[in-house]
Amino acid sequence: MSSILTVKNVAIGEGVPKICVPLVGVTVDELKQEAEALKLLAPDLAEWRVDFYEGVEDSAAVQEALQAIRSVIPELPLIFTFRSAREGGEKEISREAYVNLNAAVAASGLADIIDVELFNEEDDVTALVEAAHAHGVFVILSNHDFHATPPKSEIISRLRKAQALGGDLPKIAVMPQSPADVLTLLEATHEMKSEYADRPIITMSMAGAGVISRLAGEVFGSAVTFGAARKPSAPGQIAVAELRDTLNLLHRSL
């Protein structure tokens, strides 16, 4: 039975899937404008996709930008994510820089959750999970396949590995090549949730064909869904207002 993860006042894994909106600004001014817009949209969580940020390789600039974001949305749970180019992100940085960046943010107290990619070196993953937990920060252990949908058994295997390595929120996003691929992702989500998960999980099938997976998390077992404010950070994200209406409609039907 999967448990609930409470971040600030948001209970992830309970009821309607929680809506997360990415911040994808290139400059601090753009990030602050996006954060202001979030206050009107009222999502459950925000994610700073720092790989979009022009100062990502300057640790002091990253900390300053984080402070600026926090000044606008101090109470909203914040995920810090550097998405590597190999998993669909905007940039690639060295292994050492990736580890140092995430460790510094975890130690800063400015982010509530860091996103660590599962397919990094296992020693790095373990070290970052331990560092985050030492500072009271949660960890999403994630994997993104922008080319295909692995078999159901492989999807479950990756989610179980993320759980075994201490990820508080195991996450996988895959690209469908057919409607059958979307069903594979949903079946894997249901099986993981019902048979193996002892914590909330996040899953999605991307692009247009996969939109149903972003809406039906409460049915199949995904605890968080990602919606777009201005610019989506991944294919298939839909506007927050439409997303919320649909999630609530499904919730009332269950």
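Parameters and conventions
Residues numbered from 1 in each chain as written. Predicted model: local features only at pLDDT ≥ 70, side-chain atom pairs only at ≥ 80, totals over all residues. Heavy atoms only, no water. Salt bridge = Lys/Arg side-chain N within 4 Å of Asp/Glu carboxyl O. Buried < 20%, exposed > 50% of the residue type's maximum accessible area, 1.4 Å probe, protein only. Phe/Tyr/Trp six-rings, centres within 6.5 Å; stacked < 30°, edge-to-face > 60°. Helix = DSSP H or I, 4+ residues; strand = E, 2+ residues; numbered from the N terminus. Lys NZ or Arg CZ within 6 Å of the ring centre and 35° of its normal. Core = buried A, V, L, I, M, F, W, Y, C linked by side-chain atoms within 4.5 Å. Contact = heavy atoms within 4.5 Å. Expected span 1.5 Å × (residues − 1). Arc of directions from axis to C-beta. UniProt positions renumbered as here; feature names shortened; annotations may be inferred.

A.B. asks: Would you mind going over the pattern of salt bridges with me for this structure?
C.D. replies: Side chains that carry opposite charge are capable of pairing whenever their charged atoms lie near each other. Counted by the stated rule, this structure contains 13 salt bridges. Between Arg199 and Asp198 there is a salt bridge, and its shortest N-O distance comes to 2.7 Å. In this structure Arg199 comes out as buried when scored by relative accessible area, which is 18%. One network of salt bridges, with partners in common, ties together Arg83, Arg86, Glu92, Asp115 and Glu117.

A.B. asks: Teacher, can you tell me more about the packing of aromatic side chains here?
C.D. replies: Each aromatic ring pair is described using two quantities: the centre-to-centre distance and the angle formed by the ring planes. Inspection of every chain in the model, using the stated rule, returns three aromatic pairs. Relative to Tyr98, the ring of Phe82 has its centre 6.2 Å away and its plane inclined at 80°; by these criteria the two rings are edge-to-face. Pair noted here: Phe82 is in the loop between strand E5 (78–81) and helix H3 (95–108) and Tyr98 is in helix H3, with a separation of 16 residues, a long-range link. Overall, Tyr98 belongs to the buried group, its relative accessible area being 4%. Joined through ring pairs, the aromatic side chains of Trp48, Tyr53 and Phe80 make up one cluster. One cation-aromatic arrangement involves Lys171 over Phe226; the distance from NZ or CZ to the ring centre is 4.4 Å.

A.B. asks: How should the nonpolar core be read in this particular structure?
C.D. replies: One broad rule of soluble globular proteins: the nonpolar side chains tend to lie buried together. Counting residues in hydrophobic clusters, the biggest one holds 49 residues, and the most contacted among them are Trp48, Val50, Phe80, Ile114 and Leu141. Of the residues forming this core, the biggest block, six residues, is contributed by helix H2 (residues 59–72). For Ile114, the residues in contact, after removing those within four places along its chain, are Phe80, Asn102, Val105, Ala106, Leu128, Ala132, Val137, Phe138, Val139 and Ile140. Cys20, Ala173, Ile202 and Ala223 belong to the second largest nonpolar core, which has 18 residues in total.

A.B. asks: Mind showing me how you'd approach unusual backbone geometry here?
C.D. replies: What you tend to see is this: most non-glycine residues have negative phi, and most peptide bonds are trans. Not every positive phi belongs to a glycine, and Lys8 is a case in point at roughly 55°. Assignment of secondary structure puts Lys8 in the loop between strand E1 (5–7) and strand E2 (10–12). Given a relative accessible area of 36%, Lys8 falls into the partly exposed group. Non-glycine residue Ala42 carries a positive phi angle of around 55°.

A.B. asks: Even after reading the chapter, I still don't get helix H9 (residues 240–253), so can you show me in this structure?
C.D. replies: An α-helix turns once per 3.6 residues; consequently, residues spaced three or four apart project the same way. Over its 14 residues, H9 extends 20 Å from the first C-alpha to the last, a length consistent with the 20 Å expected when each residue adds 1.5 Å. Those residues of H9 that fall on the buried side of the exposure criterion are Val240, Leu243 and Leu247. Considered in projection along H9, the buried side chains sweep an arc of 60° and stay on one side of the axis. Pointing more than 90 degrees away from the buried face of H9 are the exposed residues Glu242, Asp245, Arg252 and Ser253.

A.B. asks: What's the story with the UniProt feature "active site" (unreviewed entry) in the chain in this structure? I'm lost.
C.D. replies: The UniProt feature table records "active site" (unreviewed entry) at His144 and Lys171. For the annotated residues, spread through 28 residues, the largest C-alpha to C-alpha distance comes to 8.4 Å, consistent with a single compact locus. Its relative accessible area of 8% is what places His144 among the buried residues. Ignoring anything within four residues of it in the chain, the contact list for His144 reads Arg83, Glu87, Lys171 and Ala173. Counting through the fold element by element, Lys171 comes out in strand E8 (residues 169–174). The residues touching Lys171, leaving out its near neighbours within four places in the chain, are Arg83, Asp115, Ile140, Leu141, Ser142, Asn143, His144, Leu159, Ile202, Met204 and Phe226.

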